[in-house]
Amino acid sequence: MSFEWLAPTSHPKQGPKLRAQVAAAELADRAGTLYRLGFSQAAAIARLTARVAWEFDPPSKQGPHRRPDTLSDAAIAKIVADTYARRPKGE
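Fair warning: this is a prediction, and the values are worked out from it, not measured in the lab.

1. Examining the side chain of Thr49
Part 1 of the reasoning: Tracing the backbone shows Thr49 in helix H2 (residues 41–55).
Part 2 of the reasoning: A relative accessible area of 15% places Thr49 in the buried class.
Part 3 of the reasoning: Aside from chain neighbours lying at most four places away, what touches Thr49 is Arg67, Asp73 and Ile76.

Below you can see the structure in the form of structure tokens.
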């Protein structure tokens, strides 16, 4: 017995790129929130890298659950550093 509606579909070509862009923007927003809550830059990096590592399936080497290079630990640290650099010191 087969069901055509259960057949796997191909992934959109731009899907992973768009997903990574949205995730990077969301991380910048979360970094801003952590800044306003008084977290240090190091603590924000640790929280956000743990969050991203949890969201993606580590054994996946391909497909939609693979962690993109644009969300590596170093990339997340840069996103947080850029976000913290844009914040006024008196805030």
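2. A few points about the nonpolar core
Part 1 of the reasoning: Formed by 13 residues in total, the largest nonpolar core has its most connected members in Leu27, Leu48, Val52, Ile76, Val80 and Tyr84.
Part 2 of the reasoning: Of all the secondary-structure elements, those providing two or more residues to this core are helix H1 (15–36), H2 and helix H3 (73–86).
Part 3 of the reasoning: Filtering out sequence-adjacent residues up to four positions away, Leu27 remains in contact with Leu48, Val52, Leu71, Ile76 and Ile79.

Calculation notes
Residues numbered from 1 in each chain as written. Predicted model: local features only at pLDDT ≥ 70, side-chain atom pairs only at ≥ 80, totals over all residues. Heavy atoms only, no water. Helix = DSSP H or I, 4+ residues; strand = E, 2+ residues; numbered from the N terminus. Buried < 20%, exposed > 50% of the residue type's maximum accessible area, 1.4 Å probe, protein only. Contact = heavy atoms within 4.5 Å. Core = buried A, V, L, I, M, F, W, Y, C linked by side-chain atoms within 4.5 Å.

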